[in-house]
Amino acid sequence: MAKYPSASILFLVALVCVSGVAQTIGLDIHNNICKSLVKTRGYICQEHHVTTEDGYILRLLRIPYGRFGSKSTTDQKPPVLLQHGLLTDAASWLLNPPNQALAFILADKGFDVWLANARGTDSSRGHKSLSTNDPAYWDWTWEQLAAYDLPALVNYVNNQTGEKSHYVGHSLGTLTVLAALSQQKLRNSIRSAALLSPIAHLGQISTSLVRVATLTFLPEQFYIFGLREFPPLGRLEQTLQTIVCIHPGVDCSYILTAITGPNCCVSPSSLDLYYEHTPQSTATKNIVHLSQMIRSGTIRMFDYTLPHTNMQHYNQFSPPVYNMANIPKDIPLFLSYGGRDALSDVNDVKALLYDLKDHDKDKLVEQYVEEYAHLDFIMGWNANRKVYDPLITFFGQH
């Protein structure tokens, strides 16, 4: 028997532990984010449904005002759309107490807050003609999130409020808006974009677990074996997590640190809630796409590997590249990144900032938080002071 577990087993254990143990209560908690995380804190929460051009039905949550704000529908409140990262959902903005969670802080500051749930998550598994059991349902990557989900959500919010919205993305939620903007989309639809733990270039990603899984082509193995939904374990995962994560000597929070970096400021109570709401499903093809970006160091469309297949999709033998330098120079951007982030590596962020070197100086705010890792930006107990106060000031200027 091998002395050390294979890369596949390591990655599997990581996914199991990150998911936590609370999913044994079932999916109901995910489908009632309004009830479980918003209304219990004294806020109004509305559910909206948005259908994308390619048929996906997304659940969009709205906190129209704060606990002590005006309830008048005639008051003009700036709308802001929050888009979560990979393997999470809208709950990721709601895990801290109201004075520490960005969604609640924005609502209490007078913003009209909208919370997106990406396709494939428990809250957004609808489709006009496909079920999640159909492989075709999972035939997408972050490209489609940028091309279909994001414009549909932004347009819906703008139509409902009569105003252009601000945008806040975390992790994968930054890549989608950057990709869209680089193709001259959304430039007339959003006021500004705040990017927390920005993801664009991935060549320097420092999390060893993700890098090992990528270099051993583990996501591709899942895809070849016909596993289209990721994570691919379903109920088996819920069984394993109760065995692995409580086993003596196995510290799942340590594995989370190995993936995201050493988060400095996430409280145990917030982490417990995080485990209850993750992992949310995405497409295995999406994980393959991100793995391709890590290996190649480029921001490009999905590579179908065979030149003639790429030719069928793109009319060229290799996938087209998203050029971040093409982002409109007058779009207000707020970039906040951490020195200990293992997913949004400092060197990768610097490569993105180099792409943006010709951006209008008064429209680009760069913030570096040396002690922050990936989850601190959405769950840090002191993020209200370190990140959200400057972010809200930035919104006020645009």
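Residues numbered from 1 in each chain as written. Predicted model: local features only at pLDDT ≥ 70, side-chain atom pairs only at ≥ 80, totals over all residues. Heavy atoms only, no water.

## Considerations on the nonpolar core
The condition that has to hold: The definition of a nonpolar core used throughout is a set of buried Ala, Val, Leu, Ile, Met, Phe, Trp, Tyr and Cys residues joined through side-chain atoms within 4.5 Å. Buried, partly exposed and exposed residues are distinguished by accessible area as a fraction of the type maximum, computed with a 1.4 Å probe on protein chains only: under 20%, between the cut-offs, and over 50%, respectively. Each helix is a run of H or I in the DSSP string that is no shorter than four residues. Each strand is a run of E no shorter than two, and both are numbered from the N terminus. Whether two residues are in contact is decided by their heavy atoms: any pair within 4.5 Å suffices.
Counting residues in each nonpolar core, the largest one holds 60 residues, and the members touching the most others are Leu-81 and Trp-142. When residues of this core are assigned to their parent elements, the largest contribution, eight residues, is made by helix α5 (residues 142-161). If sequence neighbours within four positions are ignored, Trp-142 has contacts with Leu-172, Leu-175, Thr-176, Ala-179, Asn-286, His-289, Leu-290, Met-293, Ile-299, Arg-300 and Tyr-322. Ranked by size, the runner-up nonpolar core spans 48 residues in total, among them Ala-91, Ile-105, Tyr-275 and Tyr-388.

## Thoughts on the pattern of salt bridges
Convention followed: Note on definitions: salt bridges are taken to be side-chain nitrogens of Lys or Arg within 4 Å of carboxyl oxygens of Asp or Glu.
Inspection of every chain in the model, using the stated rule, returns twelve salt bridges. Between Glu-220 and Arg-295 there is a salt bridge, and its shortest N-O distance comes to 2.6 Å. Here Arg-295 lies in helix α12 (residues 284-296) and Glu-220 lies in helix α8 (residues 218-224), a separation of 75 residues in the sequence. Linked through salt bridges whose partners overlap, the residues forming this network are Asp-54, Arg-119 and Asp-149.

## Description of the state of the cysteines
Rule in force here: Two cysteine sulfurs form what is called a disulfide whenever their separation falls within 2.5 Å.
This model, assessed by the stated rule, comprises two disulfides. Disulfide pairing places Cys-34 opposite Cys-45 at an S-S distance of 1.9 Å. Its S-S torsion of approximately -60° makes the covalent link between Cys-34 and Cys-45 left-handed. Remark: Cys-45 occurs in the loop between α3 (33-38) and β1 (46-51) and Cys-34 occurs in helix α3; sequence separation between them is eleven residues.

## Brief notes about the confidence of the model for the chain
Note the threshold: Values of pLDDT, the confidence the predictor places in each residue, fall between 0 and 100.
The predicted model of the chain averages 88 in pLDDT, with 85% of residues at 70 or higher. Considering only residues more than four positions removed or in separate chains, one finds that residues 1-7, a stretch of pLDDT under 50, has three contacts. Of the regions scoring below 50 in pLDDT, residues 16-30 engages in 46 contacts with residues more than four places distant in sequence or in other chains.

## Let's talk about the packing of aromatic side chains
Selection rule: Two rings from Phe, Tyr or Trp (for Trp, the six-membered ring) form a pair when their centres sit within 6.5 Å of each other. Planes less than 30 degrees apart are called stacked, planes more than 60 degrees apart edge-to-face, and all others tilted. Comment: the charge-over-ring label is applied if NZ (Lys) or CZ (Arg) is within 6 Å of the ring centre and within 35 degrees of the ring normal.
What the rule picks out here adds up to 15 aromatic pairs. Taking 5.3 Å as the distance between ring centres and 50° as the angle between the ring planes, the aromatic pair formed by Tyr-337 and Tyr-368 counts as tilted. Taken as a pair, Tyr-337 in strand β10 (residues 333-338) and Tyr-368 in strand β11 (residues 364-369) lie far apart in primary sequence, 31 residues in all. Relative accessible area serves as the criterion here: at 4%, Tyr-337 is assigned to the buried category. Each residue in the set Tyr-56, Tyr-137, Trp-138 and Trp-140 is aromatic and connected to the rest through ring pairs, giving one cluster. Sitting over the ring of Tyr-56, Arg-119 keeps its end group 3.8 Å from the ring centre. Sitting above the plane of the Phe-302 ring, Lys-285 keeps its charged end 5.0 Å from the centroid.

## Some remarks on the environment of Val-154
Structurally, Val-154 is set in helix α5. Since its relative accessible area comes to 0%, Val-154 is described here as buried. Residues Val-154 and His-166, spaced twelve residues apart in sequence, show a C-alpha to C-alpha distance of 9.3 Å. Setting aside residues no more than four positions away along its own chain, Val-154 makes contact with Leu-81, Ser-165, Leu-186, Ser-189 and Ile-190.

## Looking at the pairing of strand β6 (residues 165-170)
We count it as follows: Pairing between two strands requires that DSSP report at least two bridges joining them. When the strands point away from the viewer, a crossover counts as right-handed if the route from the first strand across the helix to the second turns clockwise.
When you tally the buried positions in β6, you get six out of six residues, the bulk of the element. The two faces of β6 match: Ser-165, Tyr-167 and Gly-169 on one face and His-166, Val-168 and His-170 on the other face are all buried. In terms of strand pairing, strand β3 (residues 79-83) meets β6 through four bridges, oriented parallel. Bridging from a neighbouring strand, Leu-82 pairs with Val-168 of β6. Running through helix α6 (residues 172-182), the crossover from β6 to the neighbouring parallel element strand β7 (residues 190-196) is right-handed.

## Some thoughts on the pairing of β10
Within β10, six of the six residues are buried, which leaves the element mostly enclosed by the surrounding structure. Alternating residues of β10 divide into Leu-333, Leu-335 and Tyr-337 and Phe-334, Ser-336 and Gly-338, and every residue in both groups is buried. Direction of pairing for β7 relative to β10: parallel, over a ladder of four bridges. Across the sheet, the residue bridging to Ala-194 is Phe-334, located in β10. As paired strands, β10 and β11 are joined by six bridges and run parallel to one another. From the neighbouring strand, Ser-336 faces β11, where its bridge partner is Gln-367.

## Considerations on the environment of Ala-90
As for its position among the elements, Ala-90 is in the loop between β3 and α4 (102-108). Counting along the chain gives 30 residues from Ala-90 to Leu-60, while the straight-line C-alpha distance between them is 8.6 Å. Setting aside residues no more than four positions away along its own chain, Ala-90 makes contact with Ile-33, Leu-61, His-84, Leu-115, Ala-116 and Asn-117.

## Section: unusual backbone geometry
Of the consecutive residues Phe-230 and Pro-231, the connecting peptide bond is found in the cis state with omega at -5°. Tracing the backbone through its elements, the reader meets Pro-231 in the loop between β8 (229-230) and α9 (235-244). Cis geometry is adopted by the peptide bond preceding Pro-279, which originates at Thr-278 and carries an omega value of 0°. If you trace the backbone, Pro-279 turns up in the loop between α11 (268-277) and β9 (282-283). Notably, Phe-217 is not glycine yet its phi reads approximately 55°, a positive angle. For Phe-217, the location among the structural elements is in the loop between α7 (208-215) and α8.

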